[in-house]
Amino acid sequence: MGIGRTGKILLADIGGTNARFALSLSDQTGPIDIDYVKVADFPTVRQAIADVLARRSGGDQPKRAVLAVAGPVTNNRCVMTNSPWVIDGNELQPALGFDSVHVLNDFEVVAWSLPALQPADLLPLGGGDGLPGEPLLVVGPGTGFGVSCLIERHGARLAVVTEAGHATLPAENEREERVIACLRRRLGHVSIERGALSGSGLQNLYEALAEIDGVQVPHRDAAAITKSALEGSCPVSRATLEMFCAILGSVAGNLAVTFGARGGVYIAGGIVPRFHEFLAASAFRARFEAKGRFQDYLRNIPTRLVIKPDASFVGLKMFADHTSD
């Protein structure tokens, strides 16, 4: 059984610590009211959803649910890494009276949001306007490194979910090769995520730079490294942030040519919006384009930083609308 154009849809963005829920009408285009829930307050996601519906639905039970989760999804199911919740759409559907429940990876949902984002939701980081109908790529340094690509063909859309963050970290110069060699001694395989482009990666980069330069530095987490870099109080922190931005450009450029993302490349995640001016002035864009014979190909691809805090709900709604057709 489907829903009418005015039926309600439950949308959710579920992390390890907090979950956000919203009820949206099928034909709603304006802002939606988001309900914030602490994961620790409920033993299961089913109980959390039941509580939200009891408080917010007004007796009008939504027939569809689209849930974004911070973790890998297999067969419409995700076992959360940092919480006891197991999000299983096939169990939630009959238990809560839904006609359908879709469980999506959180970066898949961000990819779905890209066509609907407005200029105010984005900060330009160079390039042209992008080609209509071509793939849109989103990459995101945060707790990990997320990558997803939205592809449209013949009116159908598909968000490709990847584990690109676990690919091997590339080096573009001798100094980066020395950093990676240092990290290889400590970590074994040096991935994009662990070696640089995540919170822990930024810390690993900082410690490796201090080691190869023979400098003693205090222990700092990613937030402290960023703060001291922006303040100019620690040369190693500043060098770390500069290398982070340069590597982000190289990796984003690699992924752009891999996916043929001529529609645009978007930077999301929790880290980069904290230093967007630093990123814009860094080697990010030069390294993005530095692909030899393919430099002209990259030069026309726009790069943009996503600054909209609830972009995931835009993506959830876009997916719900697309799958209702």
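Everything numeric here is computed off the predicted structure, so don't read it as measured data.

K.L.:
Can you explain the side chain of Glu-289? Please cite residues and give values.
P.N.:
Tracing the chain through its elements places Glu-289 in helix α10 (residues 284-289). Among the residues examined, Glu-289 registers a relative accessible area of 14% and is labelled buried. Beyond its immediate sequence surroundings of up to four residues, Glu-289 is in contact with Gln-295, Leu-298 and Arg-299.

K.L.:
Break down the sheet that holds strand β8 (residues 122-124) for me, with residues and values.
P.N.:
The strands making up a sheet are joined through hydrogen bonds of the backbone, oriented either antiparallel or parallel. Strand order in the open sheet formed by six strands is β8-β13-β12-β9-β10-β11, with mixed pairing between adjacent strands. The open sheet is flanked by β8 and β11 (156-161), the only strands paired with a single partner. Across the sheet, the mean angle from the axis of one strand to that of its neighbour is 25°, orientation sign disregarded. Examined bridge by bridge, strand β10 (residues 145-153) and β11 share six bridges and lie antiparallel to one another. Across the sheet, the residue bridging to Ser-148 is Val-161, located in β11. Against the sheet, helix α3 (residues 106-113) contacts β9 (136-141), β10 and β11, and its axis sits at roughly 45° relative to β10.

K.L.:
Tell me what's going on with the packing of aromatic side chains, and back it up with residues and numbers.
P.N.:
Inspection of every chain in the model, using the stated rule, returns five aromatic pairs. Ring centres of Trp-112 and Phe-319 lie 5.3 Å apart, and the angle between their planes is 85°; this geometry places the pair in the edge-to-face category. Here the residue Trp-112 occupies a position in helix α3, and Phe-319 occupies one in helix α12 (residues 311-323), the gap between them amounting to 207 residues. By relative accessible area, Trp-112 is classed as buried at 3%. On the accessibility criterion, Phe-319 (8% relative accessible area) is buried. An aromatic cluster of at least three residues, connected via ring pairs, comprises Phe-244, Phe-275 and Phe-278.

K.L.:
Hey, could you go over the UniProt feature "binding site: ATP" (unreviewed entry) in the protein chain for me, with residue numbers and the actual values?
P.N.:
Here, UniProt's "binding site: ATP" (unreviewed entry) annotation points to Ala-12, Asp-13, Ile-14, Gly-15, Gly-16 and Thr-17. Assignment of secondary structure puts Ile-14 in strand β1 (residues 8-14). Residue contacts for Ile-14: discarding those within four places in its chain leaves Ala-19, Val-45, Leu-67, Ala-68, Val-69, Ala-70, Met-80, Trp-85 and Ile-87. As for its placement among the helices and strands, Thr-17 is situated in the loop between β1 and β2 (18-25).

K.L.:
Provide a residue-level description of the pairing of β10, including the pertinent values.
P.N.:
Relative to β10, β9 runs antiparallel, the two being bridged by six bridges. Counted as the bridge partner of Val-139 is Val-147 from β10. Hairpin geometry of β9 and β10 is characterised by an intervening segment of three residues between the two adjacent antiparallel strands. Joining the antiparallel neighbours β10 and β11 is a turn of two residues, in which His-154 adopts a positive phi near 55°.

What counts and what doesn't
- Just so you know, the residues in each chain are numbered from 1, in the order the chain's sequence is written.
- Local features in this predicted model are restricted to residues of pLDDT 70 or higher, and side-chain atom pairs are both shown and tallied only at a pLDDT of 80 or more, whereas totals for entire chains, interfaces and linings draw on every residue.
- In computing side-chain properties, one takes all heavy atoms of the structure into account and sets aside hydrogens as well as water.
- By definition, any uninterrupted DSSP run of H or I lasting at least four residues is a helix, any uninterrupted run of E lasting at least two residues is a strand, and each is numbered from the N terminus.
- Think of it in three bands: with a 1.4 Å probe and only protein chains considered, a residue is buried below 20% of the maximum accessible area for its type, exposed above 50%, and partly exposed in between.
- In this description, contact between two residues means that some pair of their heavy atoms is separated by no more than 4.5 Å.
- Pairing between strands is defined by DSSP: at least two bridges between the two strands are required.
- Note on method: axes are straight lines fitted to C-alpha atoms, helices fitted across the in-contact stretch only, with angles between N-to-C directions ranging 0 to 180 degrees.
- In this scheme Phe, Tyr and Trp rings, the latter by its six-membered ring, pair at centre separations within 6.5 Å, and the angle between planes marks the pair as stacked below 30 degrees, edge-to-face above 60, and tilted otherwise.
- UniProt positions are given in the numbering used here, feature names are shortened, and annotations may be inferred rather than shown by experiment.

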